[in-house]
Amino acid sequence: MNHDSLKIPQATAKRLPLYYRFIQNLHSSGKQRVSSAELSEAVKVDSATIRRDFSYFGALGKKGYGYNVSYLLSFFRKTLDQDEVTHVALIGVGNLGTAFLNYNFMKNNNTKIQIAFDVDEEKVGTTIGDVSIHHLDELEKKLKAKDVQVAILTVPSSTAQGITDRLVECNIKGILNFTPARLNVPPAIRVHHIDLAVELQSLVYFLKNYPEDTDEKSE
Ligand code: ATP
């Protein structure tokens, strides 16, 4: 995100990609305005939160009119740096890593997995999607050549910290960590941690223990 967005609270910033995707769809279907109630229904965020979020970006909806779709779209594009493609590397081409290589991230946002790494000789030298898989030994050399800023980690957790230390040395700015390992990084590096097993377990826990409570729905 660009520097203008620094004053936006983190919780709001996290919802931006969600808003962006929906506004993009509205724009391509030719819709010119949208109310906070419509947005709320579509993205499952309550409309008071949407109004507060949008007030941070200077998008002030008018009663009976709503928000201007083109304005929102250009705001989101600028804020999320959608005009510029962010190059991503993926480390660990197992089941999950393979799925990511086959998934077209460009569909909804401007991030592209440019390169992948593994240690399995059967995978090294092959291509999945249009992404070539290199040996981890080549990490430093290849990443520096490709201007990669973000890495996705889908390796066994025992190897995650060692690889992270190397990624930090390669000037990676952000890591999306799908391993259960908690990573230590210098303060300037951002790590987002997604443990799918924990998320699933947490969902099941809420279903069992809070069957009537819908407050957690959009968390
Ligand atoms: P997943 O957890 O994605 O379902 P999996 O069960 O197929 O994957 P894992 O053992 O978790 O396999 O390993 C994921 C991938 O990480 C494999 O392709 C494996 O070869 C690779 N891998 C293992 N160690 C390393 C390492 N040190 N560096 C890079 N890749 C590695």
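Residues numbered from 1 in each chain as written. Predicted model: local features only at pLDDT ≥ 70, side-chain atom pairs only at ≥ 80, totals over all residues.

**Some words on the overall build of the chain**
Here is step 1 of the chain: Looking only at helices and strands, one finds eight helices and nine strands in the chain.
Here is step 2 of the chain: Here the analysis covers contacts within the chain between residues at least 6 apart in sequence; of these, 55% occur between residues at least 24 apart. (Helix = DSSP H or I, 4+ residues; strand = E, 2+ residues; numbered from the N terminus. Contact = placed C-beta atoms within 7 Å.)

**Some thoughts on unusual backbone geometry**
Most of the time, phi is negative for any residue but glycine, and the peptide bond is trans.
Here is step 1 of the chain: One non-glycine residue, Asp 147, lies in positive phi territory at about 55°.
Here is step 2 of the chain: Structurally, Asp 147 is set in the loop between helix H6 (139–146) and strand S7 (150–153).
Here is step 3 of the chain: Among the residues examined, Asp 147 registers 10 C-beta atoms within 10 Å and is labelled exposed.
Here is step 4 of the chain: One non-glycine residue, Asn 171, adopts positive backbone phi at about 65°.
Here is step 5 of the chain: Note that Asn 171 resides in the loop between helix H7 (157–169) and strand S8 (174–177).
Here is step 6 of the chain: Taking the number of C-beta atoms within 10 Å as the measure of exposure, Asn 171 has 12 and is therefore exposed. (Buried ≥ 20, exposed ≤ 12 C-beta atoms within 10 Å, placed from the backbone.)

**Points about the confidence of the model for the chain**
Here is step 1 of the chain: On average, the chain scores 87 in pLDDT, and the residues at 70 or more come to 89%.
Here is step 2 of the chain: Scored below 50 in pLDDT, residues 1–5 makes 10 contacts in the model with residues more than four places away or belonging to other chains. (pLDDT = per-residue confidence, 0-100.)

**Quick look at the sheet that holds strand S9 (residues 190–193)**
Here is step 1 of the chain: An order of S5-S6-S4-S3-S7-S8-S9 is seen for the seven strands of this open sheet, with the pairing classed as mixed. With partners counted over all chains shown, the strands left at the sheet margins are strand S5 (127–128) and S9, one partner each.
Here is step 2 of the chain: Judged from the four bridges that link them, strand S3 (residues 86–91) and S7 form a sheet pairing that is parallel. For Leu 90, the partnering residue across the bridge sits in S7 and is Ile 152.
Here is step 3 of the chain: Relative to strand S4 (residues 111–118), helix H5 (residues 95–102) is tilted by about 145°, and along the sheet it contacts S3, S4, S5, strand S6 (131–135) and S7. (Pairing = 2+ DSSP bridges. Axes fitted to C-alpha atoms, helices over the stretch in contact; angles between N-to-C directions.)

**Observations concerning the packing of helix H1 (residues 10–28) against helix H2 (residues 36–43)**
Here is step 1 of the chain: Orientation of H1 relative to H2, taken along the N-to-C sense of each, is 110°, at an axis distance of 11 Å. It follows that H1 is roughly perpendicular to H2 by the angle criterion. Contacts between H1 and H2 involve Leu 18, Tyr 19 and Phe 22 from the former and Leu 39, Ala 42 and Val 43 from the latter.
Here is step 2 of the chain: Residue composition of the contact of H1 with H2, by class: six nonpolar, no polar and no charged. (Parallel < 35°, antiparallel > 145°, perpendicular 65-115°, else oblique. Nonpolar A, V, L, I, M, F, W, Y, C, P; charged D, E, K, R; others polar.)

**A closer look at the nonpolar core**
Here is step 1 of the chain: Residues Ala 89, Leu 90, Ile 91, Ala 116, Ala 151 and Leu 153 are the most contacted members of the largest nonpolar core, which totals 26 residues.
Here is step 2 of the chain: For this core, the secondary-structure elements that each account for two or more residues are S3, H5, S4, S6, H6, S7 and H7.
Here is step 3 of the chain: Contacts of Leu 153, omitting those with residues within four sequence positions, involve Ile 91, Gly 92, Ala 160, Ile 163, Ile 175, Leu 176, Asn 177, Phe 178 and Thr 179.
Here is step 4 of the chain: One finds Tyr 20, Leu 26, Ile 50 and Phe 75 within the second-largest nonpolar core, a separate group that totals 12 residues. (Core = buried A, V, L, I, M, F, W, Y, C linked by C-beta atoms within 7 Å.)

**Observations concerning the pairing of S4**
Here is step 1 of the chain: Sheet topology note: the S3/S4 ladder contains six bridges and is parallel. Counterpart to Val 88 in the pairing with S4 is Ile 113.
Here is step 2 of the chain: Where S4 and S6 come together, three bridges link them in parallel fashion. Each residue of the ladder has a partner; that of Asp 118, found in S6, is His 135.

**A few points about the UniProt feature "binding site: NAD(+)" (unreviewed entry) in the chain**
Here is step 1 of the chain: Cross-referencing UniProt, the feature "binding site: NAD(+)" (unreviewed entry) maps to Gly 92, Val 93, Gly 94, Asn 95, Leu 96 and Gly 97 in the present numbering.
Here is step 2 of the chain: Checked against the element boundaries, Gly 92 lands in the loop between S3 and H5.
Here is step 3 of the chain: Accessibility expressed as a C-beta count within 10 Å gives 26 for Gly 92, which makes it buried.
Here is step 4 of the chain: By secondary structure assignment, the location of Gly 94 is in the loop between S3 and H5.
Here is step 5 of the chain: Judged by C-beta crowding, with 14 C-beta atoms within 10 Å, Gly 94 ranks as partly exposed. (UniProt positions renumbered as here; feature names shortened; annotations may be inferred.)

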